[in-house]
Amino acid sequence: MRKIWILGILLLFLTGCTVVRIDTQTIDNTIGVVLSKPNKLYNRIGKGYKYYVPRGVTYIDTNELNDKLYSNGTYYYLYVDAISYYHKKDITYQTNPKAYYSRSIQKNGKKGYLEINKIDKDRYYIEFLYNYAKIEVITDKSEINSVILNSSYILSTVKFNNKVVKLMLNDNYFINKEEKYDVFTTKKQNNYFLEYVEGKKK
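Treat the numbers as computed from the prediction; the structure is a model and nothing was measured.

Caption draft 1: View of the packing of aromatic side chains. Here the structure, examined in full by the defined rule, presents six aromatic pairs. Seen from their ring centres, Y85 and F160 are 4.0 Å apart, and the 10° between their planes marks the pair as stacked. Placement of Y85 in helix α3 (residues 82–86) and of F160 in strand β10 (residues 159–160) is noted, with a sequence separation of 75 residues between them. Of the residues examined, Y85 reaches a relative accessible area of 14% and is grouped as buried. Taking the relative accessible area as the measure of exposure, F160 reaches 14% and is therefore buried.

Caption draft 2: A look at the packing of helix α2 (residues 27–36) against helix α4 (residues 144–156). Running from N to C, α2 and α4 cross one another at 20°; their axes reach a closest spacing of 9 Å. Regarding the angle of α2 to α4, the classification is roughly parallel. When the axes of α2 and α4 are compared, the crossing they make is right-handed. Across the interface between the two elements, I27, T30, I31, V34 and L35 from α2 touch I144, N145, I148, L149, S152, Y153 and S156 from α4. Broken down by class, the residue content of the contact of α2 with α4 amounts to eight nonpolar, four polar and no charged.

Caption draft 3: Region of interest: the sheet that holds strand β4 (residues 66–71). Taken in spatial order, the seven strands line up as β3-β4-β5-β9-β8-β7-β6 in an open sheet, and their pairing is antiparallel. In this open sheet, the two edge strands, each paired with only one partner strand, are β3 (58–63) and β6 (101–107). Direction aside, the axes of adjacent strands within the sheet are offset by 15° on average. As paired strands, strand β7 (residues 110–118) and strand β8 (residues 123–130) are joined by seven bridges and run antiparallel to one another. In the strand pairing of β8, L114 is matched with F128. Contacts between α2 and the sheet are confined to β6, β7 and β8, with β6 contributing the most and set at about 20° to the helix. Contacting β4, β5 (74–80), β7, β8 and β9 (133–140), α4 runs over the sheet at an angle of about 20° to β8.

Conventions and cut-offs
- Residues numbered from 1 in each chain as written.
- Predicted model: local features only at pLDDT ≥ 70, side-chain atom pairs only at ≥ 80, totals over all residues.
- Heavy atoms only, no water.
- Phe/Tyr/Trp six-rings, centres within 6.5 Å; stacked < 30°, edge-to-face > 60°.
- Helix = DSSP H or I, 4+ residues; strand = E, 2+ residues; numbered from the N terminus.
- Buried < 20%, exposed > 50% of the residue type's maximum accessible area, 1.4 Å probe, protein only.
- Axes fitted to C-alpha atoms, helices over the stretch in contact; angles between N-to-C directions.
- Parallel < 35°, antiparallel > 145°, perpendicular 65-115°, else oblique.
- Left-handed = near helix turned anticlockwise from the far one by under 90°.
- Contact = heavy atoms within 4.5 Å.
- Nonpolar A, V, L, I, M, F, W, Y, C, P; charged D, E, K, R; others polar.
- Pairing = 2+ DSSP bridges.

The structure is reproduced here in C-alpha coordinates:
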(Lines give C-alpha, C1' and ligand atoms only; values in the text may rest on other atoms or scores of the structure.)
Protein backbone atom coordinates (compact mmCIF):
# COMPACT_ATOMS: atom_id res chain seq x y z
CA MET A 1 0.00 0.00 0.00
CA ARG A 2 2.85 2.35 0.89
CA LYS A 3 4.59 1.60 -2.43
CA ILE A 4 1.40 2.38 -4.37
CA TRP A 5 1.05 5.68 -2.49
CA ILE A 6 4.67 6.68 -3.26
CA LEU A 7 4.24 5.61 -6.89
CA GLY A 8 1.12 7.77 -7.15
CA ILE A 9 2.99 10.83 -5.86
CA LEU A 10 5.82 10.24 -8.34
CA LEU A 11 3.37 9.95 -11.23
CA LEU A 12 1.69 13.17 -10.13
CA PHE A 13 4.98 15.06 -10.28
CA LEU A 14 6.09 13.46 -13.52
CA THR A 15 2.82 13.97 -15.40
CA GLY A 16 1.88 17.37 -14.02
CA CYS A 17 2.25 20.72 -15.74
CA THR A 18 5.64 21.19 -17.30
CA VAL A 19 7.53 24.45 -17.57
CA VAL A 20 8.63 25.33 -21.08
CA ARG A 21 11.99 27.04 -21.03
CA ILE A 22 12.92 29.29 -23.94
CA ASP A 23 16.52 29.48 -25.06
CA THR A 24 16.74 33.27 -25.39
CA GLN A 25 20.38 33.10 -26.47
CA THR A 26 19.19 32.53 -30.03
CA ILE A 27 16.95 35.09 -31.74
CA ASP A 28 15.60 32.52 -34.21
CA ASN A 29 14.65 30.16 -31.40
CA THR A 30 12.94 32.89 -29.38
CA ILE A 31 10.84 33.97 -32.36
CA GLY A 32 10.07 30.38 -33.33
CA VAL A 33 8.86 29.35 -29.87
CA VAL A 34 6.87 32.46 -28.91
CA LEU A 35 5.22 33.25 -32.24
CA SER A 36 4.30 29.64 -33.04
CA LYS A 37 2.07 29.25 -29.97
CA PRO A 38 -1.34 30.99 -30.00
CA ASN A 39 -1.64 33.28 -26.97
CA LYS A 40 -4.95 34.81 -25.92
CA LEU A 41 -3.60 36.72 -22.93
CA TYR A 42 -4.08 40.48 -22.73
CA ASN A 43 -3.78 43.13 -20.05
CA ARG A 44 -3.71 46.30 -22.12
CA ILE A 45 -6.66 47.63 -24.14
CA GLY A 46 -6.23 50.37 -26.75
CA LYS A 47 -8.60 52.00 -29.22
CA GLY A 48 -9.61 49.06 -31.42
CA TYR A 49 -6.94 46.66 -30.19
CA LYS A 50 -5.59 44.84 -27.15
CA TYR A 51 -2.39 43.00 -26.27
CA TYR A 52 -0.36 41.48 -23.46
CA VAL A 53 2.37 43.44 -21.67
CA PRO A 54 4.76 40.79 -20.28
CA ARG A 55 6.14 40.86 -16.75
CA GLY A 56 9.03 43.27 -16.44
CA VAL A 57 7.64 45.62 -19.09
CA THR A 58 5.77 48.77 -18.07
CA TYR A 59 3.19 50.68 -20.09
CA ILE A 60 4.02 54.41 -20.15
CA ASP A 61 1.49 56.21 -22.36
CA THR A 62 -0.38 56.31 -25.67
CA ASN A 63 -0.34 58.81 -28.53
CA GLU A 64 -3.09 57.90 -31.03
CA LEU A 65 -2.23 54.28 -31.98
CA ASN A 66 1.34 54.53 -30.68
CA ASP A 67 2.07 53.01 -27.27
CA LYS A 68 5.23 53.70 -25.32
CA LEU A 69 6.56 50.93 -23.07
CA TYR A 70 9.62 50.58 -20.86
CA SER A 71 11.79 47.75 -19.57
CA ASN A 72 15.23 47.63 -17.98
CA GLY A 73 16.41 51.01 -19.26
CA THR A 74 14.94 50.55 -22.74
CA TYR A 75 11.93 52.26 -24.32
CA TYR A 76 9.70 50.33 -26.71
CA TYR A 77 7.59 52.20 -29.29
CA LEU A 78 4.63 50.12 -30.43
CA TYR A 79 2.56 51.16 -33.46
CA VAL A 80 -0.63 49.28 -34.29
CA ASP A 81 -1.69 49.55 -37.94
CA ALA A 82 -5.46 49.12 -37.74
CA ILE A 83 -6.00 50.41 -41.31
CA SER A 84 -3.75 47.78 -42.90
CA TYR A 85 -5.31 45.12 -40.69
CA TYR A 86 -8.84 46.06 -41.71
CA HIS A 87 -7.97 46.08 -45.43
CA LYS A 88 -5.76 42.97 -45.01
CA LYS A 89 -2.81 44.68 -46.67
CA ASP A 90 -0.15 42.20 -47.71
CA ILE A 91 3.21 42.44 -45.94
CA THR A 92 6.31 42.02 -48.08
CA TYR A 93 9.90 42.28 -46.91
CA GLN A 94 13.26 41.83 -48.59
CA THR A 95 16.09 40.73 -46.31
CA ASN A 96 18.88 43.24 -45.83
CA PRO A 97 22.33 41.61 -46.20
CA LYS A 98 24.00 44.66 -44.60
CA ALA A 99 21.95 44.44 -41.40
CA TYR A 100 23.19 42.91 -38.15
CA TYR A 101 20.11 40.66 -38.36
CA SER A 102 17.40 40.48 -41.01
CA ARG A 103 14.64 37.99 -41.73
CA SER A 104 11.05 37.76 -42.91
CA ILE A 105 8.55 36.03 -40.62
CA GLN A 106 5.48 33.93 -41.35
CA LYS A 107 3.78 32.10 -38.48
CA ASN A 108 0.18 30.92 -38.08
CA GLY A 109 -0.89 32.77 -41.21
CA LYS A 110 0.58 36.06 -39.97
CA LYS A 111 3.47 37.87 -41.63
CA GLY A 112 6.16 40.28 -40.58
CA TYR A 113 9.88 40.87 -40.35
CA LEU A 114 12.69 41.54 -37.90
CA GLU A 115 15.61 43.77 -38.77
CA ILE A 116 18.41 44.90 -36.47
CA ASN A 117 20.96 47.54 -37.46
CA LYS A 118 24.00 48.85 -35.61
CA ILE A 119 23.84 52.62 -35.18
CA ASP A 120 26.98 53.30 -33.16
CA LYS A 121 29.62 51.55 -31.02
CA ASP A 122 27.25 49.46 -28.88
CA ARG A 123 23.75 50.68 -29.79
CA TYR A 124 21.37 48.84 -32.07
CA TYR A 125 18.13 49.83 -33.75
CA ILE A 126 15.47 47.10 -33.79
CA GLU A 127 12.43 47.03 -36.09
CA PHE A 128 10.06 44.15 -35.39
CA LEU A 129 6.82 43.92 -37.34
CA TYR A 130 4.30 41.12 -36.95
CA ASN A 131 0.54 40.77 -37.00
CA TYR A 132 -0.08 44.36 -38.26
CA ALA A 133 1.82 45.84 -35.33
CA LYS A 134 5.36 47.13 -35.12
CA ILE A 135 7.85 47.71 -32.30
CA GLU A 136 10.87 49.96 -32.69
CA VAL A 137 13.64 50.04 -30.10
CA ILE A 138 17.12 51.46 -29.67
CA THR A 139 19.10 49.38 -27.19
CA ASP A 140 22.51 48.07 -26.14
CA LYS A 141 23.80 44.88 -27.72
CA SER A 142 23.54 43.09 -24.37
CA GLU A 143 19.78 43.73 -24.28
CA ILE A 144 18.91 42.61 -27.82
CA ASN A 145 17.76 39.09 -26.87
CA SER A 146 15.65 40.41 -24.00
CA VAL A 147 14.04 43.01 -26.28
CA ILE A 148 13.25 40.36 -28.90
CA LEU A 149 11.66 38.12 -26.27
CA ASN A 150 9.46 40.91 -24.87
CA SER A 151 8.56 42.15 -28.35
CA SER A 152 7.63 38.64 -29.48
CA TYR A 153 5.19 38.27 -26.60
CA ILE A 154 3.65 41.70 -27.24
CA LEU A 155 3.27 41.36 -31.02
CA SER A 156 2.00 37.77 -30.88
CA THR A 157 -0.87 38.80 -28.59
CA VAL A 158 -2.14 41.84 -30.53
CA LYS A 159 -5.85 41.35 -31.22
CA PHE A 160 -8.08 43.76 -33.15
CA ASN A 161 -11.71 44.62 -32.46
CA ASN A 162 -13.26 44.61 -35.93
CA LYS A 163 -16.34 46.58 -34.89
CA VAL A 164 -14.33 49.35 -33.25
CA VAL A 165 -11.84 49.58 -36.13
CA LYS A 166 -14.68 49.78 -38.66
CA LEU A 167 -16.37 52.48 -36.60
CA MET A 168 -13.13 54.46 -36.46
CA LEU A 169 -12.79 54.19 -40.25
CA ASN A 170 -16.38 55.32 -40.78
CA ASP A 171 -15.81 58.28 -38.46
CA ASN A 172 -12.71 59.28 -40.47
CA TYR A 173 -10.62 58.75 -37.35
CA PHE A 174 -7.55 57.95 -39.46
CA ILE A 175 -8.01 60.78 -41.97
CA ASN A 176 -6.11 64.09 -41.92
CA LYS A 177 -3.63 63.10 -39.21
CA GLU A 178 -0.73 65.51 -38.86
CA GLU A 179 1.75 62.63 -38.88
CA LYS A 180 1.51 59.88 -41.49
CA TYR A 181 3.26 56.68 -40.46
CA ASP A 182 3.64 53.67 -42.73
CA VAL A 183 4.21 50.68 -40.48
CA PHE A 184 5.36 48.55 -43.43
CA THR A 185 8.23 50.84 -44.40
CA THR A 186 11.56 50.03 -42.75
CA LYS A 187 13.35 53.02 -41.27
CA LYS A 188 16.88 51.96 -42.16
CA GLN A 189 16.99 54.55 -44.95
CA ASN A 190 15.74 57.52 -42.94
CA ASN A 191 15.95 59.01 -39.47
CA TYR A 192 12.23 59.34 -38.75
CA PHE A 193 12.23 57.14 -35.66
CA LEU A 194 15.52 58.49 -34.31
CA GLU A 195 14.21 62.05 -34.72
CA TYR A 196 10.99 61.02 -33.00
CA VAL A 197 12.85 59.56 -30.02
CA GLU A 198 15.21 62.52 -29.74
CA GLY A 199 12.23 64.90 -29.94
CA LYS A 200 10.56 63.06 -27.04
CA LYS A 201 13.67 63.51 -24.89
CA LYS A 202 13.67 67.31 -25.28
